[in-house]
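Structure at a glance
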Amino acid sequence: MMKGMGNMQKMMKQMQKMQKDMQKAQEELAEKTVEGTAGGGMVTVVVNGQKQVIDVNIKEDVVDPEDIEMLQDLVLAATNDALKQMDDLTNNTMGQFTKGLNIPGL
C-alpha cells in the first residue's frame, strides 16, 4: 500500500511540473509574432500569440481605387495566413505536453 502512495506522489509531482512548463510555454507563445503575406508580399499582416492582429502593411503598388475588392481579398488572405501560422506554432509548442497522453479535450 505504501508503494502505491509513492507512485501517486511521484505522478502528482510530474503533473505539477508539466503544468508549470505548460504555463511557461503559453507565456512565451503570447510574446511571439508571425507574419502572413499575400500577393507576393504586397500585403503583410502580423499576428501575436494571442491571435491579435498587431500590424498590417500594404504596398502602395497594390492600392487601386478601381479594384478595392482585390485589396480586400489580399488583406483577408494575409490575415488567414498569419492566423494559420500562429495556430501551427501553438499546436507544435503545446502538443509536446500532450504527446503520448490520451486525455479527452487536450
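Anyway, here's the lowdown on the structure attached to this text. (Residues numbered from 1 in each chain as written. Predicted model: local features only at pLDDT ≥ 70, side-chain atom pairs only at ≥ 80, totals over all residues. Heavy atoms only, no water.)

**Looking at the overall build of the chain**
What counts here: Strands here mean DSSP runs of E at least two residues long; helices mean DSSP runs of H or I at least four residues long; both are numbered from the N terminus. Exposed residues in this analysis have more than 50% of their type's maximum accessible area, buried residues have under 20%, and partly exposed residues fall in between, with area computed by a 1.4 Å probe over protein chains only. All accessible-area figures derive from a Shrake-Rupley calculation using a 1.4 Å probe, and residue coverage is judged against the displayed protein chains alone.
Broken down by element type, the chain carries 2 helices and 3 strands. Element order for the chain, N to C, with α for helix and β for strand: α-β-β-β-α. Out of the 106 residues belonging to the chain, those deemed buried represent 21%. Counting every atom, the chain has about 8100 Å² of accessible surface; 52% of that belongs to carbon and sulfur.

**Considering the sheet that holds strand 1 (residues 33–38)**
For clarity, the threshold we go by: We treat two strands as partners when DSSP finds at least two bridges between them. What counts as an axis is a line fitted to C-alpha atoms, over the stretch in contact for a helix, and the angles between N-to-C directions run from 0 to 180 degrees. Contact between two residues is taken to exist if any of their heavy atoms lie within 4.5 Å; hydrogens are not considered.
One open sheet accounts for 3 strands, arranged 1-2-3; its pairing is antiparallel. What marks the edges here is a single partner per strand, and that holds for strand 1 and strand 3 (53–58). Looking at each pair of strands side by side, their axes are set apart by 15° on average, direction ignored. Relative to strand 3, strand 2 (residues 43–48) runs antiparallel, the two being bridged by 5 bridges. Considered in strand 3, the bridge of Val43 is made with Ile58. Lying over the sheet, helix 2 (residues 68–98) contacts strand 1, strand 2 and strand 3, oriented at roughly 145° with respect to strand 1.

Everything listed here is a matter of geometry and, on its own, says nothing about what the molecule does.
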